[in-house]
Amino acid sequence: MCVTCGCSDDANVTVTNPQTGEHTHVLADGTVISHSHNHEHSHEHSHEHHHNHSVASENAQLHAKMHGTTVTLEQNILAKNDLLAAQNRGWFKGRNILALNLVSSPGSGKTTLLARTIQDLKDKVVINVIEGDQATTNDADRIKATGCNVVQINTGTGCHLDAQMVERGLQELNPPLNSIVMIENVGNLVCPALFDLGESAKVAILSVTEGEDKPIKYPYMFRASQVMIINKIDLLPYVQFNVDRCIEYAHQVNPHLKIFQVSATTGTGLDAWYQWLGV
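Not measured: the values here are computed from a predicted model. (Residues numbered from 1 in each chain as written. Predicted model: local features only at pLDDT ≥ 70, side-chain atom pairs only at ≥ 80, totals over all residues. Heavy atoms only, no water.)

(A) Inspection of the nonpolar core at higher detail. Ranked by size, the top nonpolar core spans 28 residues in total, and within it V129, M182, I229 and W273 carry the most contacts. When residues in this core are grouped by element, the largest group, five residues, is from helix 3 (residues 110–121). The next biggest cluster of nonpolar side chains, apart from the first, holds 19 residues, and it includes L189, F222, F241 and A250. (Core = buried A, V, L, I, M, F, W, Y, C linked by side-chain atoms within 4.5 Å. Buried < 20%, exposed > 50% of the residue type's maximum accessible area, 1.4 Å probe, protein only. Helix = DSSP H or I, 4+ residues; strand = E, 2+ residues; numbered from the N terminus.)

(B) Region of the structure containing the environment of I229. Following the sequence through the fold, I229 ends up in strand 9 (residues 227–231). Sequence spacing of I229 and V262 is 33 residues, and the spatial spacing of their C-alpha atoms is 7.0 Å. Among all residues touching I229, those that are not within four sequence positions of it are L113, V203, A204, I205, L206, F260, V262 and W273. (Contact = heavy atoms within 4.5 Å.)

(C) Looking closely at the packing of aromatic side chains. One pass over the structure, following the stated rule, counts three aromatic pairs. Both rings, one in W91 and one in F92, keep their centres 5.9 Å apart while their planes meet at 80°; by these two values the pair is edge-to-face. Overall, the relative accessible area of 2% leaves F92 in the buried class. Aromatic side chains W273 and W276 sit 5.8 Å apart centroid to centroid with 10° between the ring planes, which places their arrangement in the stacked category. Here the residue W273 and the residue W276 both occupy positions in helix 9 (residues 270–276), the gap between them amounting to three residues, near one helical turn. (Phe/Tyr/Trp six-rings, centres within 6.5 Å; stacked < 30°, edge-to-face > 60°.)

(D) Region of the structure containing helix 8 (residues 243–253). Residues of helix 8 that are buried: V243, C246, I247, A250 and V253. All buried residues of helix 8 project into a common sector of 120° when viewed along the axis, lining one side. Exposed and oriented more than 90 degrees from the buried face of helix 8 are D244 and Q252. Two or three places before D244, at the start of helix 8, stands the capping residue N242, its side-chain oxygen 3.2 Å from that residue's backbone nitrogen. (Arc of directions from axis to C-beta. Polar contact = N/O pair within 3.5 Å; in protein donor to acceptor, adjacent residues only side chain to side chain.)

(E) Seen up close, unusual backbone geometry. The phi dihedral of N178 is positive, around 60°, even though this residue is not glycine. Along the chain, N178 falls in the loop between helix 5 (163–173) and strand 7 (180–184). In this structure, K232 is a non-glycine residue whose phi angle is positive, near 65°. With respect to the helices and strands, the residue K232 is situated in the loop between strand 9 and helix 8. Its relative accessible area of 21% is what places K232 among the partly exposed residues.

These values are about where atoms sit, not about what they do.
If you want it as C-alpha cells, here you go:
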C-alpha cells in the first residue's frame with residue numbers, strides 16, 4: 001500500500017529476469033509464484049487477483065472513513081519497509097556496492113541517461129540495473145541491449161518500488177563486489193520519495209522540457225535526494241526553461257543538493273557525473 005494513495009493494495013508485482021526468461025509473481029497476499037512462459041500464456045491466478053482487488057477497494061473506502069486507523073497502518077507499512085531497506089543497505093555496504101535510486105517524472109530521459117552511463121563506463125566498472133515500471137519490459141530491453149545485467153520489476157497498479165521488491169531483484173541479479181547498482185524507479189515525483197530502498201543516494205532527474213519549478217512543486221522528493229541532474233540541456237535554445245531559477249528553487253528546498261547539468265544525447269556534462277560516481 002502506498003501511504004498517499006493506496007496504489008499497491010491490489011498490486012500484482014512481477015519480477016522478470018531477461019537473461020533467463022523467468023517470471024516471479026508476488027501477489028497481494030504475499031504468495032510467490034515463479035515460472036517461465038511466453039507472453040501468450042494466461043495466468044491461472046487472475047481470478048484471485050480480481051478477488052484481492054475488490055477486497056482492497058472495500059478496505060480503501062473503510063480507511064478513508066477511519067483516519068486514525070489509516071495513520072497507524074501507514075506507519076506500520078513504512079516501518080516494515082524501512083526495516084527491509086536497512087537490510088538492503090547493509091547488504092550493499094558489505095559488498096562495497098554503490099546503489100542509486102533514480103527518480104523522475106516520465107519522459108525526463110532517465111533510461112537514456114542510464115544507458116549512456118552504462119555504455120561509457122562498462123570498461124571501468126560493473127553496473128547492474130533494477131528496472132521499475134508499472135507494465136512492459138521496454139526499458140529493461142533497452143538496458144539489456146547495452147550488455148548490462150538487468151531485472152525488470154513490474155508493479156502493476158503500484159506507483160513506486162519498495163524495499164521488498166528491490167530485495168527480490170537483488171536475489172535475481174546477485175551483483176558482484178565493488179560494483180554499482182542502478183535502481184530506475186517508477187516514473188513519478190510523489191510516492192517514490194516516501195519509500196527507502198536501501199540506496200546510497202536518491203538521484204532526481206529533471207529535464208529542461210519540464211517546468212523549472214518542479215523542485216518547489218515536489219519538495220519532498222528533492223529534499224530526500226542527494227543529487228539532481230538537469231538533463232537535455234542541448235534543448236535549452238528551443239525551450240523556455242530558466243536553469244538558474246531551477247537551481248535556486250532546488251537549493252531553497254535542499255541547500256546541500258549536488259547538481260549536474262548534462263545532455264545524455266550529446267554527452268555534455270557527463271564527465272562530472274561520472275566523477276561523482278567515483279569512476
